Amino acid sequence: MQRRSSARPRQRNRLGEVAPRLTLMFALFLGALSAAALTAPISPAGASSGPWESLGGKLVGEPAAVAWGPGRIDAFARGLDNRLYHQFYENGWRGWESLGGKLGSAPAVTSWAPGRLDVFARGTAGELVHRFFENGWSAWESLSAPGTIGSSPTATSWAPGRVDVFAASAIDGRLIHRFFSARLGGWSAWDSLGGRLVGAPAATAVAPDRIDVVIRGTDNALHHKSYTSFGWAPWVTVGGTLAAPPAITSYSPGVLEVLVVGSDHAVYRQTNFGGWLGWQRLGGVATSGPAVASWQAGRVDVFVRGTDGALWHTWDALPNGNGPAPPWNSGFGRRIVYCNSCQRAWHVSDNGDWYTFLVSGKVGVPSPGSYRVVRRINPGGSGNLRLPYFVGFAFGTTTDIGFHGIPLRSDGSPIQSDAELGQFRSHGCVRENQADAVRTWDFGTLGTPVIVTP
(Lines give C-alpha, C1' and ligand atoms only; values in the text may rest on other atoms or scores of the structure.)
Protein backbone atom coordinates (compact mmCIF):
# COMPACT_ATOMS: atom_id res chain seq x y z
CA MET A 1 0.00 0.00 0.00
CA GLN A 2 1.37 3.39 -0.99
CA ARG A 3 1.77 6.17 1.53
CA ARG A 4 -0.37 9.16 0.57
CA SER A 5 -0.24 11.48 3.53
CA SER A 6 1.67 12.15 6.73
CA ALA A 7 -0.65 14.88 7.91
CA ARG A 8 -1.67 14.86 11.53
CA PRO A 9 -5.36 14.99 12.54
CA ARG A 10 -6.63 18.45 11.74
CA GLN A 11 -7.85 21.18 14.03
CA ARG A 12 -11.50 21.00 14.97
CA ASN A 13 -13.87 22.89 12.67
CA ARG A 14 -17.59 23.44 12.44
CA LEU A 15 -20.03 20.89 11.10
CA GLY A 16 -20.24 20.89 7.34
CA GLU A 17 -16.77 22.32 6.60
CA VAL A 18 -15.56 19.38 4.49
CA ALA A 19 -12.12 19.33 2.85
CA PRO A 20 -12.57 20.16 -0.86
CA ARG A 21 -10.23 17.35 -1.96
CA LEU A 22 -12.38 14.70 -0.30
CA THR A 23 -13.48 12.12 -2.88
CA LEU A 24 -15.41 10.29 -0.17
CA MET A 25 -17.86 13.22 0.07
CA PHE A 26 -18.71 12.67 3.74
CA ALA A 27 -20.20 15.29 6.00
CA LEU A 28 -20.16 12.96 8.98
CA PHE A 29 -20.29 13.88 12.60
CA LEU A 30 -20.31 11.40 15.46
CA GLY A 31 -20.60 11.44 19.19
CA ALA A 32 -18.91 8.26 20.21
CA LEU A 33 -16.17 7.74 22.75
CA SER A 34 -14.44 4.86 24.43
CA ALA A 35 -15.68 4.36 27.99
CA ALA A 36 -12.29 3.23 29.23
CA ALA A 37 -11.49 6.43 31.13
CA LEU A 38 -15.02 7.52 32.00
CA THR A 39 -16.96 6.80 35.15
CA ALA A 40 -20.17 8.83 34.80
CA PRO A 41 -22.73 8.77 31.99
CA ILE A 42 -22.59 11.59 29.45
CA SER A 43 -25.73 12.50 27.53
CA PRO A 44 -25.44 12.23 23.73
CA ALA A 45 -24.90 15.60 22.08
CA GLY A 46 -23.98 16.98 18.68
CA ALA A 47 -20.30 16.97 17.80
CA SER A 48 -18.03 19.11 15.68
CA SER A 49 -16.16 17.30 12.94
CA GLY A 50 -12.68 17.90 11.61
CA PRO A 51 -11.94 17.76 7.87
CA TRP A 52 -11.37 14.44 6.10
CA GLU A 53 -7.85 13.49 5.06
CA SER A 54 -6.54 10.66 2.92
CA LEU A 55 -4.13 8.22 4.54
CA GLY A 56 -3.52 6.52 1.21
CA GLY A 57 -3.30 2.86 0.38
CA LYS A 58 -5.74 0.63 -1.47
CA LEU A 59 -8.11 -1.27 0.78
CA VAL A 60 -10.19 -4.40 0.38
CA GLY A 61 -13.17 -4.27 2.73
CA GLU A 62 -13.48 -2.43 6.00
CA PRO A 63 -10.54 -0.92 7.91
CA ALA A 64 -9.91 -1.55 11.61
CA ALA A 65 -8.65 0.86 14.24
CA VAL A 66 -7.89 1.00 17.94
CA ALA A 67 -6.34 3.42 20.44
CA TRP A 68 -4.20 2.10 23.26
CA GLY A 69 -3.63 5.44 24.97
CA PRO A 70 -3.76 9.23 24.64
CA GLY A 71 -2.41 10.44 21.31
CA ARG A 72 -1.94 6.94 19.84
CA ILE A 73 -4.08 5.32 17.13
CA ASP A 74 -3.30 2.16 15.14
CA ALA A 75 -5.11 1.57 11.82
CA PHE A 76 -5.12 -1.70 9.87
CA ALA A 77 -6.35 -2.74 6.45
CA ARG A 78 -6.32 -5.62 4.00
CA GLY A 79 -4.43 -4.63 0.86
CA LEU A 80 -5.04 -5.60 -2.76
CA ASP A 81 -2.39 -8.34 -2.33
CA ASN A 82 -4.39 -9.70 0.66
CA ARG A 83 -1.60 -8.82 3.10
CA LEU A 84 -2.16 -6.99 6.37
CA TYR A 85 -1.09 -3.33 6.35
CA HIS A 86 -0.65 -1.06 9.35
CA GLN A 87 0.03 2.55 10.12
CA PHE A 88 -0.18 4.49 13.34
CA TYR A 89 -0.59 8.04 14.58
CA GLU A 90 1.73 9.41 17.27
CA ASN A 91 2.49 13.10 16.73
CA GLY A 92 1.77 12.48 13.04
CA TRP A 93 0.84 9.59 10.77
CA ARG A 94 3.79 7.27 10.11
CA GLY A 95 2.77 5.68 6.79
CA TRP A 96 1.92 2.13 5.79
CA GLU A 97 3.93 -0.98 6.61
CA SER A 98 3.22 -4.55 5.53
CA LEU A 99 2.70 -7.12 8.28
CA GLY A 100 2.40 -9.97 5.79
CA GLY A 101 0.03 -12.86 6.07
CA LYS A 102 -2.58 -14.00 3.59
CA LEU A 103 -5.94 -12.63 4.66
CA GLY A 104 -9.30 -13.87 3.50
CA SER A 105 -11.20 -11.00 5.16
CA ALA A 106 -10.88 -7.53 6.59
CA PRO A 107 -8.88 -7.42 9.84
CA ALA A 108 -10.05 -6.78 13.41
CA VAL A 109 -8.00 -5.29 16.22
CA THR A 110 -8.28 -4.72 19.94
CA SER A 111 -5.97 -3.64 22.76
CA TRP A 112 -6.05 -4.65 26.40
CA ALA A 113 -3.23 -2.35 27.57
CA PRO A 114 -0.84 0.34 26.31
CA GLY A 115 1.68 -1.26 23.99
CA ARG A 116 -0.46 -4.34 23.30
CA LEU A 117 -2.31 -5.02 20.04
CA ASP A 118 -4.17 -8.18 19.02
CA VAL A 119 -5.04 -8.48 15.32
CA PHE A 120 -7.38 -11.12 13.90
CA ALA A 121 -8.62 -12.04 10.43
CA ARG A 122 -10.09 -14.95 8.54
CA GLY A 123 -7.40 -16.93 6.77
CA THR A 124 -7.69 -18.06 3.16
CA ALA A 125 -8.95 -21.47 4.34
CA GLY A 126 -11.64 -19.99 6.58
CA GLU A 127 -9.61 -20.32 9.79
CA LEU A 128 -9.19 -17.63 12.45
CA VAL A 129 -5.66 -16.23 12.29
CA HIS A 130 -3.97 -13.98 14.84
CA ARG A 131 -0.81 -12.10 15.60
CA PHE A 132 -0.06 -9.67 18.41
CA PHE A 133 2.28 -6.80 19.17
CA GLU A 134 4.05 -6.51 22.53
CA ASN A 135 7.60 -5.19 22.27
CA GLY A 136 7.55 -6.49 18.70
CA TRP A 137 5.27 -8.47 16.41
CA SER A 138 4.61 -12.16 16.99
CA ALA A 139 4.39 -14.69 14.16
CA TRP A 140 1.02 -15.45 12.63
CA GLU A 141 -0.85 -18.32 14.28
CA SER A 142 -4.02 -20.21 13.47
CA LEU A 143 -6.64 -20.32 16.21
CA SER A 144 -9.20 -22.60 14.58
CA ALA A 145 -9.66 -25.38 12.09
CA PRO A 146 -10.16 -24.49 8.40
CA GLY A 147 -13.70 -23.64 7.47
CA THR A 148 -14.61 -22.35 10.95
CA ILE A 149 -15.54 -18.72 10.31
CA GLY A 150 -17.47 -17.32 7.38
CA SER A 151 -16.94 -13.58 7.91
CA SER A 152 -14.42 -11.05 9.07
CA PRO A 153 -14.04 -11.36 12.83
CA THR A 154 -14.39 -8.63 15.41
CA ALA A 155 -12.61 -8.41 18.75
CA THR A 156 -12.94 -6.46 21.97
CA SER A 157 -11.35 -6.44 25.42
CA TRP A 158 -12.82 -5.52 28.78
CA ALA A 159 -9.77 -6.20 30.98
CA PRO A 160 -6.00 -6.83 30.73
CA GLY A 161 -5.39 -10.39 29.57
CA ARG A 162 -8.92 -10.78 28.18
CA VAL A 163 -10.01 -10.78 24.51
CA ASP A 164 -13.42 -11.76 23.11
CA VAL A 165 -13.64 -12.66 19.40
CA PHE A 166 -16.82 -12.94 17.34
CA ALA A 167 -17.53 -14.03 13.75
CA ALA A 168 -20.19 -15.64 11.59
CA SER A 169 -20.05 -19.43 11.54
CA ALA A 170 -19.03 -20.84 8.16
CA ILE A 171 -21.45 -23.72 8.78
CA ASP A 172 -24.77 -22.05 9.57
CA GLY A 173 -24.14 -18.27 9.47
CA ARG A 174 -24.84 -17.84 13.17
CA LEU A 175 -22.76 -15.71 15.52
CA ILE A 176 -19.98 -17.69 17.19
CA HIS A 177 -17.74 -16.54 20.02
CA ARG A 178 -14.63 -17.56 21.90
CA PHE A 179 -12.43 -15.73 24.37
CA PHE A 180 -8.86 -15.67 25.61
CA SER A 181 -8.21 -15.35 29.34
CA ALA A 182 -4.69 -15.09 30.66
CA ARG A 183 -6.07 -15.89 34.10
CA LEU A 184 -7.56 -19.15 32.82
CA GLY A 185 -4.49 -19.90 30.77
CA GLY A 186 -5.71 -19.89 27.19
CA TRP A 187 -8.59 -19.89 24.71
CA SER A 188 -12.11 -21.11 25.36
CA ALA A 189 -14.00 -23.32 22.94
CA TRP A 190 -16.34 -21.75 20.40
CA ASP A 191 -19.94 -21.20 21.47
CA SER A 192 -22.91 -20.24 19.31
CA LEU A 193 -24.90 -17.11 20.14
CA GLY A 194 -27.58 -17.54 17.50
CA GLY A 195 -28.78 -14.93 15.08
CA ARG A 196 -27.91 -14.97 11.37
CA LEU A 197 -25.35 -12.56 9.98
CA VAL A 198 -24.61 -10.87 6.69
CA GLY A 199 -20.97 -9.78 6.86
CA ALA A 200 -18.97 -9.12 9.99
CA PRO A 201 -20.32 -8.47 13.48
CA ALA A 202 -19.17 -5.54 15.64
CA ALA A 203 -18.56 -5.58 19.38
CA THR A 204 -17.56 -3.22 22.16
CA ALA A 205 -16.82 -3.79 25.85
CA VAL A 206 -17.91 -0.85 27.97
CA ALA A 207 -16.98 -2.30 31.38
CA PRO A 208 -15.81 -5.54 32.98
CA ASP A 209 -18.32 -8.30 32.24
CA ARG A 210 -20.24 -6.12 29.76
CA ILE A 211 -20.13 -6.66 25.98
CA ASP A 212 -22.49 -5.36 23.31
CA VAL A 213 -22.62 -6.97 19.86
CA VAL A 214 -24.46 -5.73 16.77
CA ILE A 215 -24.93 -7.49 13.43
CA ARG A 216 -26.52 -7.00 10.05
CA GLY A 217 -29.14 -9.74 9.90
CA THR A 218 -30.39 -11.61 6.86
CA ASP A 219 -33.29 -9.14 6.82
CA ASN A 220 -30.64 -6.36 6.48
CA ALA A 221 -31.83 -4.87 9.78
CA LEU A 222 -29.62 -4.09 12.78
CA HIS A 223 -29.80 -6.62 15.61
CA HIS A 224 -28.26 -6.27 19.08
CA LYS A 225 -27.23 -8.69 21.81
CA SER A 226 -25.57 -7.92 25.14
CA TYR A 227 -23.64 -9.84 27.77
CA THR A 228 -23.49 -9.10 31.50
CA SER A 229 -22.48 -11.14 34.52
CA PHE A 230 -25.97 -12.71 34.27
CA GLY A 231 -25.18 -14.12 30.82
CA TRP A 232 -26.26 -13.34 27.27
CA ALA A 233 -29.54 -11.50 26.75
CA PRO A 234 -31.85 -12.40 23.83
CA TRP A 235 -31.41 -10.76 20.43
CA VAL A 236 -33.22 -7.44 19.96
CA THR A 237 -34.16 -6.12 16.53
CA VAL A 238 -33.24 -2.43 16.25
CA GLY A 239 -34.35 -2.06 12.63
CA GLY A 240 -33.11 0.00 9.73
CA THR A 241 -31.85 -1.21 6.36
CA LEU A 242 -28.11 -1.86 6.31
CA ALA A 243 -25.89 -2.18 3.24
CA ALA A 244 -22.58 -2.91 5.06
CA PRO A 245 -21.33 -4.26 8.39
CA PRO A 246 -22.06 -2.00 11.38
CA ALA A 247 -19.59 -0.46 13.81
CA ILE A 248 -20.17 0.10 17.51
CA THR A 249 -18.46 1.96 20.32
CA SER A 250 -19.26 3.58 23.65
CA TYR A 251 -18.08 6.94 24.94
CA SER A 252 -19.65 6.56 28.37
CA PRO A 253 -21.16 3.83 30.56
CA GLY A 254 -24.75 3.40 29.49
CA VAL A 255 -24.34 4.99 26.05
CA LEU A 256 -23.86 2.99 22.83
CA GLU A 257 -23.22 4.49 19.40
CA VAL A 258 -23.84 2.38 16.29
CA LEU A 259 -22.85 3.52 12.79
CA VAL A 260 -24.21 1.85 9.68
CA VAL A 261 -24.40 2.38 5.93
CA GLY A 262 -27.96 2.52 4.64
CA SER A 263 -29.41 1.32 1.34
CA ASP A 264 -28.76 4.81 -0.09
CA HIS A 265 -25.03 4.41 0.83
CA ALA A 266 -25.30 7.24 3.35
CA VAL A 267 -24.12 6.86 6.93
CA TYR A 268 -26.69 6.61 9.70
CA ARG A 269 -26.30 6.82 13.45
CA GLN A 270 -28.29 5.00 16.12
CA THR A 271 -27.83 5.79 19.82
CA ASN A 272 -28.82 3.71 22.81
CA PHE A 273 -29.22 5.87 25.91
CA GLY A 274 -31.74 4.14 28.12
CA GLY A 275 -33.29 2.71 24.94
CA TRP A 276 -32.77 3.06 21.19
CA LEU A 277 -33.37 6.69 20.27
CA GLY A 278 -33.98 6.43 16.51
CA TRP A 279 -32.02 6.78 13.31
CA GLN A 280 -30.19 9.95 12.40
CA ARG A 281 -29.01 10.39 8.81
CA LEU A 282 -25.47 11.73 8.64
CA GLY A 283 -25.11 11.63 4.85
CA GLY A 284 -22.06 10.83 2.77
CA VAL A 285 -21.34 8.14 0.16
CA ALA A 286 -19.68 5.10 1.72
CA THR A 287 -17.87 2.22 0.03
CA SER A 288 -17.25 0.32 3.27
CA GLY A 289 -18.49 0.15 6.78
CA PRO A 290 -16.69 2.43 9.25
CA ALA A 291 -14.06 1.78 11.91
CA VAL A 292 -13.86 3.93 15.05
CA ALA A 293 -11.30 4.53 17.80
CA SER A 294 -11.02 6.95 20.71
CA TRP A 295 -7.91 7.99 22.59
CA GLN A 296 -9.39 10.47 25.05
CA ALA A 297 -12.72 11.44 26.55
CA GLY A 298 -14.60 13.67 24.14
CA ARG A 299 -12.87 12.47 20.95
CA VAL A 300 -13.54 9.79 18.35
CA ASP A 301 -11.52 9.04 15.21
CA VAL A 302 -13.36 7.63 12.21
CA PHE A 303 -11.91 5.60 9.30
CA VAL A 304 -13.55 4.45 6.07
CA ARG A 305 -12.60 3.30 2.61
CA GLY A 306 -13.19 6.17 0.21
CA THR A 307 -14.47 6.09 -3.34
CA ASP A 308 -10.83 5.97 -4.52
CA GLY A 309 -10.17 2.83 -2.44
CA ALA A 310 -7.87 4.69 -0.03
CA LEU A 311 -8.21 5.00 3.74
CA TRP A 312 -9.85 8.25 4.78
CA HIS A 313 -9.87 9.66 8.28
CA THR A 314 -11.62 12.36 10.26
CA TRP A 315 -12.23 12.99 13.92
CA ASP A 316 -14.94 14.36 16.13
CA ALA A 317 -14.96 16.14 19.45
CA LEU A 318 -17.95 16.09 21.74
CA PRO A 319 -19.00 19.44 23.11
CA ASN A 320 -17.63 20.41 26.48
CA GLY A 321 -19.17 22.15 29.45
CA ASN A 322 -18.68 23.05 33.07
CA GLY A 323 -21.13 20.43 34.35
CA PRO A 324 -23.82 17.98 33.26
CA ALA A 325 -24.67 18.01 29.55
CA PRO A 326 -28.05 19.33 28.39
CA PRO A 327 -30.89 16.80 28.53
CA TRP A 328 -31.34 14.51 25.56
CA ASN A 329 -33.97 15.78 23.09
CA SER A 330 -33.43 19.39 24.18
CA GLY A 331 -32.91 20.77 20.69
CA PHE A 332 -29.90 21.65 18.58
CA GLY A 333 -27.82 24.72 17.88
CA ARG A 334 -27.52 27.89 19.91
CA ARG A 335 -30.21 27.91 22.61
CA ILE A 336 -31.12 28.19 26.29
CA VAL A 337 -32.33 24.98 27.93
CA TYR A 338 -34.33 24.88 31.15
CA CYS A 339 -34.99 21.53 32.85
CA ASN A 340 -37.85 22.02 35.29
CA SER A 341 -37.40 18.81 37.28
CA CYS A 342 -33.61 19.33 37.54
CA GLN A 343 -33.90 23.06 38.39
CA ARG A 344 -30.95 23.66 36.09
CA ALA A 345 -30.41 25.75 32.96
CA TRP A 346 -27.89 25.69 30.11
CA HIS A 347 -26.52 28.20 27.63
CA VAL A 348 -25.63 26.08 24.57
CA SER A 349 -23.43 27.50 21.80
CA ASP A 350 -23.58 26.76 18.07
CA ASN A 351 -20.99 23.99 18.33
CA GLY A 352 -22.71 22.36 21.32
CA ASP A 353 -20.45 23.62 24.11
CA TRP A 354 -22.43 24.62 27.16
CA TYR A 355 -22.46 26.58 30.39
CA THR A 356 -24.81 25.25 33.08
CA PHE A 357 -26.04 26.57 36.43
CA LEU A 358 -28.68 25.94 39.10
CA VAL A 359 -31.90 27.95 39.14
CA SER A 360 -35.11 28.22 41.14
CA GLY A 361 -38.41 27.94 39.34
CA LYS A 362 -41.93 26.63 39.93
CA VAL A 363 -43.03 23.02 39.50
CA GLY A 364 -44.38 22.46 35.97
CA VAL A 365 -44.11 26.13 34.92
CA PRO A 366 -43.93 26.84 32.08
CA SER A 367 -45.09 23.76 30.23
CA PRO A 368 -42.41 21.78 28.38
CA GLY A 369 -41.94 23.02 24.83
CA SER A 370 -40.07 25.38 22.52
CA TYR A 371 -40.10 29.13 23.20
CA ARG A 372 -38.08 32.20 22.18
CA VAL A 373 -36.83 35.26 24.01
CA VAL A 374 -39.49 37.92 23.43
CA ARG A 375 -38.75 40.61 26.02
CA ARG A 376 -35.72 42.05 27.82
CA ILE A 377 -36.00 44.53 30.72
CA ASN A 378 -33.32 45.58 33.19
CA PRO A 379 -34.55 45.71 35.81
CA GLY A 380 -37.93 44.07 35.60
CA GLY A 381 -40.37 44.41 38.46
CA SER A 382 -42.98 42.53 40.43
CA GLY A 383 -44.73 44.52 43.13
CA ASN A 384 -42.04 45.96 45.38
CA LEU A 385 -39.38 43.57 44.05
CA ARG A 386 -36.74 44.33 41.43
CA LEU A 387 -35.99 41.54 38.93
CA PRO A 388 -32.44 42.11 37.66
CA TYR A 389 -31.77 41.36 33.98
CA PHE A 390 -35.22 40.03 33.12
CA VAL A 391 -35.21 37.90 29.92
CA GLY A 392 -38.79 36.94 29.11
CA PHE A 393 -39.67 33.93 26.95
CA ALA A 394 -43.20 32.79 27.92
CA PHE A 395 -46.50 34.15 29.21
CA GLY A 396 -48.23 33.06 32.39
CA THR A 397 -51.85 33.62 33.40
CA THR A 398 -51.16 37.08 34.84
CA THR A 399 -47.60 38.03 33.93
CA ASP A 400 -44.58 37.29 31.78
CA ILE A 401 -42.29 34.34 32.60
CA GLY A 402 -38.57 34.80 32.21
CA PHE A 403 -35.09 34.32 33.58
CA HIS A 404 -33.83 36.93 36.04
CA GLY A 405 -31.56 37.41 38.99
CA ILE A 406 -32.81 36.54 42.47
CA PRO A 407 -35.41 39.26 43.25
CA LEU A 408 -34.20 42.17 45.34
CA ARG A 409 -36.21 44.03 47.99
CA SER A 410 -36.33 47.81 48.05
CA ASP A 411 -33.30 47.85 50.38
CA GLY A 412 -31.33 45.73 47.85
CA SER A 413 -31.39 42.49 49.85
CA PRO A 414 -32.19 39.24 47.98
CA ILE A 415 -35.29 37.25 48.90
CA GLN A 416 -33.34 33.96 48.80
CA SER A 417 -29.72 32.91 48.96
CA ASP A 418 -27.60 31.49 46.16
CA ALA A 419 -27.31 28.30 48.22
CA GLU A 420 -31.06 27.76 47.81
CA LEU A 421 -30.84 27.65 44.02
CA GLY A 422 -31.68 24.21 42.68
CA GLN A 423 -34.92 24.23 44.72
CA PHE A 424 -38.44 25.23 43.68
CA ARG A 425 -38.75 28.71 45.19
CA SER A 426 -40.34 30.85 42.47
CA HIS A 427 -43.93 31.76 41.66
CA GLY A 428 -43.36 31.15 37.94
CA CYS A 429 -40.16 32.79 36.69
CA VAL A 430 -36.71 31.20 36.69
CA ARG A 431 -34.39 32.76 39.29
CA GLU A 432 -30.60 32.84 38.84
CA ASN A 433 -27.72 34.17 40.86
CA GLN A 434 -26.76 37.67 39.80
CA ALA A 435 -23.68 36.62 37.79
CA ASP A 436 -25.65 34.02 35.84
CA ALA A 437 -28.44 36.55 35.26
CA VAL A 438 -25.89 38.79 33.53
CA ARG A 439 -24.70 35.80 31.47
CA THR A 440 -28.28 35.04 30.41
CA TRP A 441 -28.88 38.69 29.55
CA ASP A 442 -25.81 38.71 27.33
CA PHE A 443 -26.59 35.31 25.79
CA GLY A 444 -30.38 35.61 25.43
CA THR A 445 -30.87 38.17 22.70
CA LEU A 446 -34.34 38.62 21.20
CA GLY A 447 -35.35 35.51 19.27
CA THR A 448 -32.96 33.16 21.07
CA PRO A 449 -34.61 29.71 21.31
CA VAL A 450 -35.53 28.52 24.80
CA ILE A 451 -36.25 24.81 25.26
CA VAL A 452 -38.14 23.77 28.40
CA THR A 453 -37.92 20.09 29.35
CA PRO A 454 -39.94 18.34 32.05
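Not measured: the values here are computed from a predicted model.

**Student:** So, the overall build of the protein: which residues are in play, and what are the values?
**Tutor:** Across its full length, the protein holds 1 helix and 38 strands. In the protein, which comprises 454 residues, the proportion classed as buried is 56%. In the protein, the share of contacts with a sequence separation of at least 24, taken over all contacts with a separation of at least 6, comes to 51%. Carbon together with sulfur atoms contributes 52% to the accessible area of the protein, which is approximately 18400 Å² in total.

**Student:** Report on the state of the cysteines, specifying residues and quantitative values.
**Tutor:** Covalent bonding between the sulfur atoms of two cysteines is what defines a disulfide. Following the criterion strictly, the structure yields 1 disulfide and no others. A sulfur-sulfur distance of 2.0 Å marks the disulfide that ties Cys339 to Cys342. An S-S torsion of about 65° defines the bridge between Cys339 and Cys342 as right-handed.

**Student:** Tell me what's going on with the pairing of strand S35 (residues 390-395), and back it up with residues and numbers.
**Tutor:** Side chains on a regular strand alternate between the two faces of the sheet. Taken across its 6 residues, S35 has 5 buried, putting it largely inside the fold. Sheet topology note: the strand S32 (residues 375-377)/S35 ladder contains 3 bridges and is antiparallel. In the sheet register, Arg375 faces S35, and the bridge partner there is Gly392. Bridging between S35 and strand S36 (residues 400-405) involves 4 bridges; their strand directions are antiparallel. In the strand pairing of S36, Gly392 is matched with Gly402.

**Student:** Tell me what's going on with the sheet that holds strand S8 (residues 117-122), and back it up with residues and numbers.
**Tutor:** Whether parallel or antiparallel, the strands of a sheet pair through hydrogen bonds between backbone atoms. Ordered in space as S7-S8-S9-S10, the 4 strands form an open sheet in which the pairing is antiparallel. With one partner strand each, in any of the chains shown, strand S7 (108-110) and strand S10 (141-142) form the two edges of the open sheet. Taken together, the 2 bridges between strand S9 (residues 128-133) and S10 define a ladder with antiparallel strand orientation. Its bridge partner lying in S10, Val129 is registered against Ser142.

**Student:** Hey, could you go over the sheet that holds strand S3 (residues 64-69) for me, with residue numbers and the actual values?
**Tutor:** An order of S3-S4-S5-S6 is seen for the 4 strands of this open sheet, with the pairing classed as antiparallel. Two strands close off the open sheet at either side, each with one partner strand: S3 and strand S6 (97-100). Neighbour-to-neighbour, the strand axes of the sheet open up by a mean angle of 30°, direction not taken into account.

**Student:** Which residues make up the side chain of Arg216, and what are the values?
**Tutor:** With respect to the secondary-structure elements, Arg216 resides in strand S17 (residues 210-216). There is no salt bridge for the buried Arg216, and the closest opposite charge comes from Asp219, which lies 7.8 Å off by N-O distance. Of the polar contacts made by the side chain of Arg216, one reaches the side chain of Asn220; its length is 3.0 Å. A polar side-chain atom of Arg216 sits 3.2 Å from the main-chain carbonyl oxygen of Leu242. When near neighbours in sequence (up to four residues on either side) are disregarded, Arg216 contacts Arg196, Leu197, Val198, Ala221, Leu242, Ala243, Ala244 and Pro246.

**Student:** Hey, could you go over the pattern of salt bridges for me, with residue numbers and the actual values?
**Tutor:** Counted by the stated rule, this structure contains 10 salt bridges. The shortest N-O distance in the salt bridge between Glu134 and Arg116 comes to 3.1 Å. One end of the pair, Glu134, is in the loop between S9 and S10; the other, Arg116, is in the loop between S7 and S8, and 18 residues separate them in sequence. Given the relative accessible area of 8%, Arg116 is considered buried. In this structure, Arg210 engages Asp212 in a salt bridge whose closest nitrogen and oxygen atoms are separated by 2.8 Å.

**Student:** How would you summarise helix H1 (residues 434-443) if you had to cite specific residues and measurements?
**Tutor:** Of the positions making up H1, those classed as buried are Asp436, Ala437, Thr440, Trp441 and Phe443. Between a side-chain oxygen at the N-terminus of H1 and the backbone nitrogen of Ala435 the separation is 3.1 Å; the capping residue is Asn433.

**Student:** Explain the pairing of strand S38 (residues 449-453) residue by residue, including any values.
**Tutor:** Of all 5 residues in S38, 4 are buried, a share of seventy percent or more. The pairing of strand S28 (residues 335-339) with S38 spans 4 bridges and is classified as parallel. Bridge pairing in S38 links Val337 to Ile451. With 4 bridges connecting them, strand S31 (residues 369-372) and S38 associate as antiparallel partners. Residue pairing for S38: Gly369 is matched across the bridge by Val452.

**Student:** An account of unusual backbone geometry is needed here, citing residue identities and associated values.
**Tutor:** With an omega dihedral of -10°, the bond running from Val365 to Pro366 counts as a cis peptide bond. Tracing the sequence through the fold places Pro366 in the loop between strand S30 (354-358) and S31. Cis geometry is found at the peptide bond from Asn378 to Pro379, where omega equals 0°. Looking at the element boundaries, Pro379 is found in the loop between S32 and strand S33 (380-382). The residue Asn91 is not glycine, and still its phi comes out positive at about 60°. The topology assignment puts Asn91 in the loop between strand S5 (84-89) and S6. Look at Asn91 and you get exposed, because its relative accessible area is 68%. Unusually for a residue other than glycine, Asp209 sits at a positive phi of about 65°. Relative to the assigned elements, Asp209 resides in the loop between strand S16 (202-207) and S17.

Reading guide: rules and limits
- Residues numbered from 1 in each chain as written.
- Predicted model: local features only at pLDDT ≥ 70, side-chain atom pairs only at ≥ 80, totals over all residues.
- Heavy atoms only, no water.
- Helix = DSSP H or I, 4+ residues; strand = E, 2+ residues; numbered from the N terminus.
- Buried < 20%, exposed > 50% of the residue type's maximum accessible area, 1.4 Å probe, protein only.
- Contact = heavy atoms within 4.5 Å.
- Areas by Shrake-Rupley, 256 points an atom, 1.4 Å probe, with all protein chains shown as cover.
- Disulfide = S-S within 2.5 Å.
- Pairing = 2+ DSSP bridges.
- Axes fitted to C-alpha atoms, helices over the stretch in contact; angles between N-to-C directions.
- Lys, Arg positive; Asp, Glu negative; His and termini not counted.
- Salt bridge = Lys/Arg side-chain N within 4 Å of Asp/Glu carboxyl O.
- Polar contact = N/O pair within 3.5 Å; in protein donor to acceptor, adjacent residues only side chain to side chain.

None of this, on its own, says anything about what the molecule does.
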